[in-house]
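# Analysis of the macromolecular model
Chain by chain, the residues run as shown.
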Amino acid sequence: MVDWGIPIGAGIAFGLGALGTGIAQSKIGSAGAGTIAEKPEAFGLMVVLVAIPETMVILGFVVAAMMMIMLV
Amino acid sequence: MVVRVEFDYANARIKGMKSRLLTPPVFETLILKPDVESIIAELENTPYKEEIEKATVQFSGIKCIEVALRKDFTNAFRKILRFMEGDPAEKHIKILLSRWDIQNIKTILRGKNIHLTSAEIVECLVPAGQLDDTTLIELIKQPDVKAVIDLLATWGIEYAKPLTRNFKEYSEKRDLSVLEYAIDKFYFENALDKLSEKSYDDRILLDMITMEIDVTNIKNVLTMIRDRIDIEEAEIFLITGGQRLNIERLITMIRTGTLEGAIKFLDTTPYNFLSELPAHVFRTEKISVIEKELEKYLIKRGISRFLGDPLSIAVAVGYVWAKYNEITNIRIIARCKTADITEKEIREELIYV
Amino acid sequence: MLQKMKKVQVLGPKKDLQSVVDVLYHTGTVQLEDISKTIRVGETLIRKMEIEKGGEIANILVKTGGILLALPKIKDDIQKQSLIYDEVQKKSFPDLVVWTNHVIEELESTTKELATNKSDLEFTLNALDRYEKIIKKILPLESQLPILEGFEVTVILIQREFREVLDLVKNALADITKNQFELISADIDELTIAAVIVFNKRYSEPVHSLIFSQNVNEVRLPPEYLGKPFSEILQLISAKKAKSIGEMAVIDEKRGKLSEEWYQELVVLKKVLQDRNDEASVFGKFGQTQYTFVIQGWIPKKYLQRTKEALNNIFGTRVIVNELDVNPEKMDEAPTFYDNPAIVKPFEFLMALVSPPKYREVDPSPILAIFFPIFFGLMVGDIAYGAIILVFAAFMKKKYKTEIWLQHLMNILILSSIPSIFFGVLYGEFFGDFGEMMGWIHPLTIAGITWNRVDALVPVLILAIAIGVFHVFLGLSLGIINSLAKKSKKHAIEKAGMMVAITGLLVVITATAKMIPEILVQPGLVMIIIAIPLIIYGGGFFGVFEIMSTVGNILSYARIMAIGMASVVLALVANRLGGSMEVALVGFVIAAMLHILNIVLAMFSPFLHSFRLHMVEFNSKFFEGGGTMYKPFRKEKEDETVK
């Protein structure tokens, strides 16, 4: 019998983080596209702003990876 | 979550557009210019560059500035409408813009009523709103008030409706305020009707519209006091749906019979700034000064929407008003230059926000 | 580091102004400042200088621009343009004005006429379209009526809600015309009913006044169509439309011809005038007293002597350069002028994408230049990938020599590929574990840990977090330096408190996890308790929440491990998938494709995240930004299209 608990938990940790990041980035991205259309010089700032929510999915990934490697 | 217009995108663009509005130092430079020609040259250094250059080919002087301003305003709102195509937000912007259409139609009717020349009427139009040049030119070509209304009907423009309905009364009384009131009322009722769903954005716009109703009512009340109109007759010239002033209060205002007395009743409302006007305004019954103050107030409130919810129609509302304010200010400066008005007086006329 | 800047005032007699400006322009070291921003009206004797000739240039510039816009754009003939350009450059200013005025004179009235005619025609066409629309709707009604000599046709529009008016009109018409009329009506759209009335001309006046008094509209047509049957009007309209379109074509042809003849010259003139206009607008920045001029601006300290000498050589003691004492707060207005070794230049570019530092701040670019490649290398960490990125960047750099931004980016990639190779050796990665499978290399073992990134997940994570702690502390230290430079003690104390709090927190966590002696928990707690009042003193109550966000910032460095890990796993997948294929060639292709994908990602993602760690986690600890770049008054590089 395989223990599905850990993989499922890891999946949730990663998946929800990814979802959250996706929602946040979609909003920031479209606002960013709007800003760049009017002020192309804001490009650098927008790249950074879009990258900000990525912390969520990365921490999710770290937790998932640690669960898979340390708990199995 | 309801899928709506992407306010994040649209509003980011509008904010970008707002950052290109002229700043007070630029207005100061314009004010210091000696004549209209040098104002045109200075506008060359602003975002009006392209439209000014295009306009100089055909026109010069004030006319050139007006044409450029109208084109620029049109470009701005077309752009905004493009972001919002097919969304309730489009409706909101259109309601906002029709305010200036109404103003222009009233100007044309007024001009026809007192038989001004076409050139004189054109000078009084505001370079804002949705009616395009073709419509305005063709309307101005018409020989009389009736013909203007008929042309509106012929071309299927909705404002023909209230005007047609009240034309008979106008032709009996020979009083243009009948038609002006009718078209105002039509605009407000139409707007209130379109906003009756009371969605979040509807309410943002309603706030603005109901304030405009108040302002229009105050103007009407004061005019009626000045013209000593009977209470019974006055009543029908009031528009329901105001934000702070209901009909009852407005009637009490009329009953006082004096401008000062009427304005006392505004003390508890946001419109109490009127009572700070110098006394001679009331004594000489200069309604135009009061109207200007009210207009300034509307513009200020309109632009202040910009600070509202960044993911709502508020940003666009604020922008349209700010743009209107900008073109109004440029027009004021340009006109004052032809009339030899001191720089200090021009500054007083302008509305900075 | 940033260059030291000095604020200077150049004073001299007015008659020398033009030549002084020329000297300054050639020396190209002063960033001019608008003097009207520093003097207030009535405060001093200095007045803003009026721009001589400025108005004239601007006026002809606007006109030239207008004419250019009124003509159709054609292809720029570079050769011809540069011939004209040379000729224009030889002209003195008055001659240039004469030339331009001549061109304007030549073209103005023609273009005006063409443009006016064209817009009139456009209005006519628009109006005709709209009239046509309504006539087409009514046409079917009219065709049902007989057309009789001596009879008049009138069309009225009635709003549907007033349908009953129709009967009223009918009855009244019957009375007026003694039943000699025809009326046909139909709904033409959701809101309107149209009615066509035919009656004897004799009754024209009473009929019209009847219509006038009702809630109905007469269809309005241009006067030339009055009294004609609609089918005929339609024909007339389409004839007129065709004629208008024809006229438009003629106008366009004329415009085209003018373009052929004048476009190149106009383009050049406009450009030259624009330059002159910019130059003239400089004078608006100067101040004046009755006999002297005042020029104010910023100058890098190291150029000060050179500039002074240049002025002294020509004007002697007539023109003086004053160094102004500027109080420290005002130094924030000084422009930012980098003073970094060449290797840092590309990172200055990266900083400028977001915001250049203010004058009194520590310049983050050198720090970026050290840590950015290290972070990038830690994430990519593959000998082969690093080498490929190096070759790619070098190639791109060579190929696109004129694209400055690309040059900068590629330089950054080159600098970053070296640590990538270095860390590749540490991790023992060559195309993922391909090198190890072939027995070429193995992960190094340092400090008792074999740095295989997949197996040593936790050590790599701890390393990443440790780097984070170090980096954030470095940022906080710079924050203290910046605060002290700005004499803002409070902020310095807040940053120091933050460092103490984070240290305490780390001690507590590691001690609880038994990584260090458990007895240290209490000292750690004491540190936090000491730090909190410091933070509240410096940053207010909400400063306390900053502790949590700083911890979040540190944890955010886990991305160094996570992105690296994702890259390794994709490389492993490529190798396994490739290896499991029965046909070796297919396996090779698959593996190669995945590796290429991974390299593309490796150039993008670690780049972005390394950048982000600096901009968000690191810079937020000390960086304010919003500086303006040093832009001396001198000739900009010439435009490529002209010359």
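Each value, and the rule that gives it
- Residues numbered from 1 in each chain as written.
- Chains lettered and ligands numbered in written order.
- Predicted model: local features only at pLDDT ≥ 70, side-chain atom pairs only at ≥ 80, totals over all residues.
- Heavy atoms only, no water.
- Helix = DSSP H or I, 4+ residues; strand = E, 2+ residues; numbered from the N terminus.
- Rg over C-alpha atoms; globule rule 2.2 N^0.38 Å.
- Buried < 20%, exposed > 50% of the residue type's maximum accessible area, 1.4 Å probe, protein only.
- Contact = heavy atoms within 4.5 Å.
- Lys, Arg positive; Asp, Glu negative; His and termini not counted.
- Charge placed at Lys NZ, Arg CZ, Asp CG, Glu CD.
- Phe/Tyr/Trp six-rings, centres within 6.5 Å; stacked < 30°, edge-to-face > 60°.
- Lys NZ or Arg CZ within 6 Å of the ring centre and 35° of its normal.
- Salt bridge = Lys/Arg side-chain N within 4 Å of Asp/Glu carboxyl O.
- Patch = residues over 30% accessible without salt bridge, like charges linked within 9 Å, V, L, I, M, F, W, Y side chains within 5 Å.
- Areas by Shrake-Rupley, 256 points an atom, 1.4 Å probe, with all protein chains shown as cover.
- Pairing = 2+ DSSP bridges.
- Axes fitted to C-alpha atoms, helices over the stretch in contact; angles between N-to-C directions.
- Parallel < 35°, antiparallel > 145°, perpendicular 65-115°, else oblique.
- Left-handed = near helix turned anticlockwise from the far one by under 90°.
- Nonpolar A, V, L, I, M, F, W, Y, C, P; charged D, E, K, R; others polar.
- Buried area = accessible area lost by both parts, 1.4 Å probe.
- Domains from an automatic or database assignment.
- Polar contact = N/O pair within 3.5 Å; in protein donor to acceptor, adjacent residues only side chain to side chain.

## Digging into the overall build of chain B
- For chain B, the helix and strand inventory stands at 19 helices and 0 strands.
- The C-alpha radius of gyration computed for chain B amounts to 21 Å, which stays within 12% of the reference 20 Å derived for 353 residues, consistent with globular compactness.
- Projected onto its principal axes, the C-alpha coordinates of chain B cover approximately 55 × 55 × 45 Å.
- Residues counted as buried form 56% of the 353 residues belonging to chain B.
- A sequence separation of at least 24 residues applies to 67% of the contacts in chain B between residues at least 6 apart.
- Positive and negative side-chain charges of chain B, numbering 51 and 57 respectively, have mean locations separated by a distance of 1 Å.

## Side note on the packing of aromatic side chains
- By the definition in use, this model includes 34 aromatic pairs over all chains.
- With a centroid separation of 5.3 Å and an interplanar angle of 80°, the aromatic rings of Y181 of chain B and F237 of chain B are classed as edge-to-face. Here the residue Y181 of chain B occupies a position in helix α11 (residues 177–194), and F237 of chain B occupies one in the loop between α13 (231–235) and α14 (247–256), the gap between them amounting to 56 residues. As far as the burial class goes, Y181 of chain B and F237 of chain B line up, both buried.
- Taken together, the ring pairs connect F73, F77, W100, W321 and Y324 of chain B into an aromatic cluster.
- Here the guanidinium or amino end of K146 of chain B rests over the ring plane of F167 of chain B, the centre of that ring lying 5.0 Å away.
- The cationic tip of K490 of chain C hangs over the ring face of Y537 of chain C; the distance from NZ or CZ to the ring centre is 5.7 Å.

## Focus on the pattern of salt bridges
Residues and elements named next belong to chain B.
- Counted according to the given criterion, the structure contains 58 salt bridges over all chains.
- The shortest N-O distance in the salt bridge between E180 and R110 comes to 2.6 Å. Of this pair, E180 sits in helix α11 while R110 sits in helix α6 (residues 88–113); the two residues are 70 residues apart in sequence, bridging distant segments of the chain.
- Exposure remark for E180: the relative accessible area of 19% places this residue in the buried category.

## Details of a nonpolar patch on the surface
All names here are of chain C.
- A surface patch of nonpolar side chains, about 890 Å² in accessible area, is lined by V569, V573, L577, M581, V583, L585, V586, F588, V589 and M593.
- Going through the elements one at a time, α18 (558–580) and α19 (584–618) are the ones with two or more residues in the nonpolar patch.
- A total of 5 residues in the nonpolar patch trace back to one element, the largest contributor, which is α19.
- As for its position among the elements, V586 is in helix α19.

## Focus: the sheet that holds strand β7 (residues 217–218) of chain C
Residue and element names in this part refer to chain C.
- Spatially, 4 strands are ordered β5-β6-β4-β7 in an open sheet, and the strand pairing comes out antiparallel. Strands at the two margins of the open sheet, each flanked by one partner only, are β5 (181–187) and β7.
- Most of the contacts of helix α4 (residues 93–142) go to strand β6 (residues 192–200), to which it runs at about 55°, and overall it touches β4 (151–159), β5 and β6.

## Notes on the packing of helix α3 (residues 54–71) of chain A against helix α14 (residues 457–485) of chain C
- At a closest axis distance of 10 Å, the pairing of α3 of chain A and α14 of chain C adopts a crossing angle of 150°. Comparing the axis directions of α3 of chain A and α14 of chain C gives the class roughly antiparallel. Of the two possible hands of crossing, α3 of chain A and α14 of chain C adopt the one that is left-handed. Together, V62, A65, M66, I69 and M70 of chain A of α3 of chain A and L457, V458 and L461 of chain C of α14 of chain C make up the contact between the two elements.
- Classifying every residue of the contact of α3 of chain A with α14 of chain C by side-chain character gives 8 nonpolar, no polar and no charged.

## Observations concerning the interface of chain B and chain A
- Residue-level contacts link 10 residues of chain B with 9 residues of chain A.
- Overall, the association of chain B and chain A removes approximately 790 Å² of surface from exposure, summing both partners, and the carbon and sulfur fraction of that is 53%.
- Looking only at chain B, the three residues that lose the most surface to chain A are D8, Y9 and R13 of chain B, adding up to 50% of its buried area.
- Counting the contacts that link chain B with chain A gives 4 salt bridges.

## Notes on the domain arrangement of chain B
Residue and element names in this part refer to chain B.
- You can read the domains of chain B as domain 1 (1–83 + 327–353), domain 2 (97–174) and domain 3 (195–307).
- The interface of domain 1 with domain 2 comprises 10 residues on the first partner and 15 residues on the second.
- When the two sides are added together, the surface that domain 1 and domain 2 hide from each other amounts to roughly 990 Å², 55% of it contributed by carbon and sulfur.
- For the pair domain 1 and domain 2, the number of links is 1 salt bridge.
- Here domain 1 is connected to domain 2 by 3 residue pairs in polar contact (both at pLDDT 80 or more).
- Taken together, the elements giving at least two residues each to the side of domain 1 that touches domain 2 come down to α5 (61–83) and α18 (314–338).
- Per-class residue counts for the side of domain 1 that touches domain 2 are 5 nonpolar, no polar and 5 charged.

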